[in-house]
Amino acid sequence: MNNKIDENLKQTFLNQAQKLLISSGKSIDDLQTLFRIIKQSDQYEYYQQILKSTEVISYDKHKYEIDYLKKGQTTWEKRIVKSLNTMCAEINLPLARQRNDNEMRAVRRHWNELGHISGDLNRFRPVYSAKDFLDVICVLVNPNLKIDEAFWNCGLIKIPIVTKSFMEIKVLYADLCPNIIQYCSDETFNEVKEEENIKLALQILEKKMNIKSIREYARRGCPTSLRGKLWSAMLDIEHSNWHLTYFDYLKQNVIDFDLLVDGLYFKDVKLTAVNDDQLFVFEDYLYQVLLLFSRDTHVQSCFTNSASGCQPTRSFIKKKIGAEECSVIYPPNGIIPFYGFSMLVAPMCFVFEDPVHLYFVFRQFYMKYFFDLHHISASPKAVIGLCVLFESLLRQISSELWFHLQDIQVQPLRIAFKWMMRAFSGYLASNQLLALWDRILAYDSLEILAVLAAAIFVLRKGNVLKESSETAIEAIFSDISSVKVIPLLQYILGQ
């Protein structure tokens, strides 16, 4: 037998085998008869590795897989720091400077209306966007895994990370099945049941039950009036005088020092939240939280706990770029904001009126969850894992939709990535977004973001199948604000 396999045959075989596997749920062992032609060739191991997705190497068992991701994260960090330094040189402003007495008095006087001290923002531009970050992720490959680009038919992400199957997702989110009432989202949920639900939540909070019990309760949703207390409990935040003292400490740092990233935060709020019909009223709250956040060195602990081993961003003082002894963590929290960063804070303003509570809940929410949405990591629950899960779920739930998009050369991840990177903030109605974030906390996982993204594609499947151009597909998903999150998740998980 000739060991050289016809290229068209290989392409046809791969496409047909994948379609059959996905649609029928059969394993590779059920298709051994199809392998007889190529089994004796040097291509057999290649096809086994591509098709046996359940045998992909797990990141936590093989340390070598993390190394190339760490290198990718380091390269990415250098790129965004270079972009920040370039902008610093262009607008002729220092990365940080001490304010003079008049400026300090102005900040103190306008603390509740910080937009008055924002200055000229026309010179500032976002350092990077979701598209920039996705472009970086897409080129990452495991140097120990040979992938033939011509026959890779599994989406944009080429990193072998094991994620949950659709069946495992359905088991995990069993409380979202269609026959279980979801508190505060079911239109048939009457006042009597609502009162009973609130009483139960109050009992849980008064007894100071463990976080696991509170999460069990929150899996069906949080009452609007108690959402703030339940979120604080799930994030293990018990507000005290210490929080007020630390808040004032950070506030004084804002008063004393002007950072270049302040302009980035001001600009981002102006470009995003201020243009939102529901969020513009929280403009000054957002300035307060974001400026405090940029100076909070406690946030650096995210990097210590990261699976990727990434490091806080660094810049150089005295314009000595490249001199290690002049390298400092900048900004103090180690986080350079991306376009839309302020939208991770904005929805919380509906939940917390007190800026002190708002700040510490956001900080903990960010450190526990949102940090992983814009850092390269091998964790299945971080952004790359969510991308792999999204593509995998879409193939499993609707192979017809997936292969239609592949045939017209449209990658659904390029549409869904921006939703997931911002945890859908700015794309969904506020009440729907808060219901989604309830479940992030309740299940202690970001995986629900990938599930929802796949569900939205399935929801609009009928429209997608009628189109054959990327522009038309993008138009279909340009506005998802009408999506009802919980009913849609129940529909998908009930299949």
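Residues numbered from 1 in each chain as written. Predicted model: local features only at pLDDT ≥ 70, side-chain atom pairs only at ≥ 80, totals over all residues. Heavy atoms only, no water.

Student: In this structure, what is going on with the layout of surface pockets? I would like to understand it.
Tutor: Roughly 1,100 Å³ of volume is contained in the second largest pocket. What lines the second largest pocket is a set of 46 residues, and nearest its centre among them are Cys222, Leu226, Arg227, Gly228 and Lys229. Elements with a minimum of two residues in the lining of the second largest pocket: α8 (191-206), α9 (211-218), α10 (227-234), α19 (430-443) and α23 (485-493). For the lining of the second largest pocket, the per-class residue count stands at 21 nonpolar, 12 polar and 13 charged. (1 Å grid on protein atoms, 1.4 Å probe; cavity = no way out; pocket = protein on both sides within 12 Å on 5 of 7 lines; lining within 4 Å. Points joined across faces, edges and corners; volume = space filled by probe spheres on them. Helix = DSSP H or I, 4+ residues; strand = E, 2+ residues; numbered from the N terminus. Nonpolar A, V, L, I, M, F, W, Y, C, P; charged D, E, K, R; others polar.)

Student: Could you clarify how one ought to interpret the environment of valine 281 in this entry?
Tutor: Counting through the fold element by element, valine 281 comes out in the loop between α12 (260-271) and α13 (283-294). Residues valine 281 and cysteine 349, spaced 68 residues apart in sequence, show a C-alpha to C-alpha distance of 9.5 Å.

Student: I would appreciate a short explanation of the packing of helix α6 (residues 130-138) against helix α18 (residues 413-421) in the present structure.
Tutor: Describing two packed helices takes the angle between their axes plus the distance from one axis to the other. Contact geometry for α6 and α18: axes closest at 10 Å, N-to-C directions at 115°. Taken as a pair, α6 and α18 cross one another with a handedness that is right-handed. Where α6 approaches α18, its residues Ala130, Phe133, Leu134, Asp135, Ile137 and Cys138 are matched on the opposing element by Leu413, Arg414, Phe417, Lys418 and Met421. In terms of residue class, the contact of α6 with α18 is made up of 8 nonpolar, no polar and 3 charged. (Axes fitted to C-alpha atoms, helices over the stretch in contact; angles between N-to-C directions. Left-handed = near helix turned anticlockwise from the far one by under 90°. Contact = heavy atoms within 4.5 Å.)

Student: I keep staring at unusual backbone geometry and nothing clicks. Help me out?
Tutor: Most peptide bonds take the trans form, and the phi angle of most residues other than glycine is negative. That bond from tyrosine 330 to proline 331 is cis: its omega, -10°, falls within 30 degrees of zero. With respect to the element layout, proline 331 can be found in the loop between β4 (327-329) and α15 (355-368). A positive phi angle is found at glutamine 409, which is not glycine, with a value near 60°. Mapping glutamine 409 onto the fold places it in the loop between α17 (399-407) and α18. The class for glutamine 409 is exposed, based on a relative accessible area of 70%. (Buried < 20%, exposed > 50% of the residue type's maximum accessible area, 1.4 Å probe, protein only.)

Student: Please explain the pattern of salt bridges as it appears in this structure.
Tutor: Pairing between side chains of opposite charge can happen when their charged atoms approach one another. Under the definition given, this model contains 17 salt bridges. Taking the shortest distance from any N to any O, the salt bridge between arginine 97 and glutamate 103 comes out at 2.8 Å. We classify arginine 97 as partly exposed; its relative accessible area is 31%. Residue class for glutamate 103 comes out partly exposed when judged on its relative accessible area of 24%. Arginine 295 is the partner of aspartate 262 in a salt bridge, and the nearest nitrogen-oxygen pair spans 2.7 Å. Placement of the pair is aspartate 262 in helix α12 and arginine 295 in the loop between α13 and α14 (301-305), with a sequence separation of 33 residues. Among the residues examined, arginine 295 registers a relative accessible area of 7% and is labelled buried. Through salt bridges with shared partners, a single network forms among Arg97, Arg99, Glu103, Asp258, Asp262 and Arg295. (Salt bridge = Lys/Arg side-chain N within 4 Å of Asp/Glu carboxyl O.)

Student: Help me out: how do you make sense of α10 in this one?
Tutor: In an α-helix there are 3.6 residues to a turn, and that puts residues three or four apart on one side. Along α10, 7 of the 8 residues are buried, which leaves the element largely enclosed by surrounding structure. Positive phi shows up at aspartate 236, right after α10, with a value of about 60°.

Student: What exactly am I supposed to notice about the environment of valine 483 here?
Tutor: Counting through the fold element by element, valine 483 comes out in the loop between α22 (470-476) and α23. Looking at valine 483, the relative accessible area reads 3%, which means it is buried. Separated by 54 residues in sequence, valine 483 and alanine 429 have C-alpha atoms that sit 8.0 Å apart.

Student: Even after reading the chapter, I still don't get the confidence of the model for the protein, so can you show me in this structure?
Tutor: If pLDDT is low for a region, its predicted coordinates should not be looked at in detail. With 80% of its residues at a pLDDT of 70 or more, the protein has an overall mean of 83. The low-confidence segment residues 1-6 (pLDDT under 50) makes 10 contacts with residues lying over four places distant or belonging to another chain. Note on residues 26-31: pLDDT under 50 across the span, and 8 contacts to partners over four residues away in sequence or across chains. (pLDDT = per-residue confidence, 0-100.)

Student: I tried to follow empty space enclosed by the protein on my own but got confused; where do I start?
Tutor: Using the criterion set out here, one finds 2 cavities of 30 Å³ or more in the structure. Lining the largest cavity we find 13 residues, and of these Ile80, Tyr128, Thr313, His374 and His375 sit closest to its centre. When the residues that make up the lining of the largest cavity are grouped by side-chain class, the tally is 6 nonpolar, 6 polar and 1 charged. Taken as a whole, the second largest cavity spans an internal volume of roughly 60 Å³. Forming the boundary of the second largest cavity are Arg125, Pro126, Val127, Leu264, Lys267, Asp268, Pro337, Phe338 and Tyr339. For the lining of the second largest cavity, the per-class residue count stands at 6 nonpolar, no polar and 3 charged.

Student: Can you help me understand the nonpolar core in this one?
Tutor: For soluble globular proteins, the rule of thumb is that nonpolar side chains tend to be buried together. With 162 residues, the main nonpolar core has Trp231, Tyr366, Trp419 and Phe424 as its most contacted residues. Take this core: its biggest share by element is 11 residues, from helix α20 (residues 447-459). Excluding residues that lie within four positions of it along the chain, phenylalanine 424 makes contacts with Trp419, Leu433, Leu436, Leu449, Leu452, Ala453, Ile456 and Ile480. (Core = buried A, V, L, I, M, F, W, Y, C linked by side-chain atoms within 4.5 Å.)

Student: Any chance you could explain the packing of aromatic side chains here in plain terms?
Tutor: For any pair of aromatic rings, the description rests on two quantities: the centre-to-centre distance and the angle between the ring planes. Overall, the coordinates contain 31 aromatic pairs when judged by the stated rule. Taking the centre distance of 5.1 Å and the plane angle of 85° together, the rings of phenylalanine 303 and phenylalanine 371 count as edge-to-face. Note that phenylalanine 303 is positioned in helix α14 and phenylalanine 371 in the loop between α15 and α16 (383-397), a separation of 68 residues in sequence. The same class applies to phenylalanine 303 as to phenylalanine 371, namely buried. Taking the centre distance of 4.8 Å and the plane angle of 20° together, the rings of phenylalanine 365 and phenylalanine 370 count as stacked. Exposure remark for phenylalanine 370: the relative accessible area of 0% places this residue in the buried category. (Phe/Tyr/Trp six-rings, centres within 6.5 Å; stacked < 30°, edge-to-face > 60°.)

Student: Just to check I follow, could you spell out the packing of helix α5 (residues 101-109) against helix α11 (residues 241-256) for this structure?
Tutor: Where α5 meets α11, the closest approach of the two axes is 8 Å, and the angle between their N-to-C directions is 135°. As judged from the angle between their axes, α5 and α11 are oblique. Facing Met104, Val107 and Arg108 of α5, the residues of α11 in contact are Gln252, Val254, Ile255 and Asp256. Looking at side-chain class alone, the contact of α5 with α11 contains 4 nonpolar, 1 polar and 2 charged residues. (Parallel < 35°, antiparallel > 145°, perpendicular 65-115°, else oblique.)

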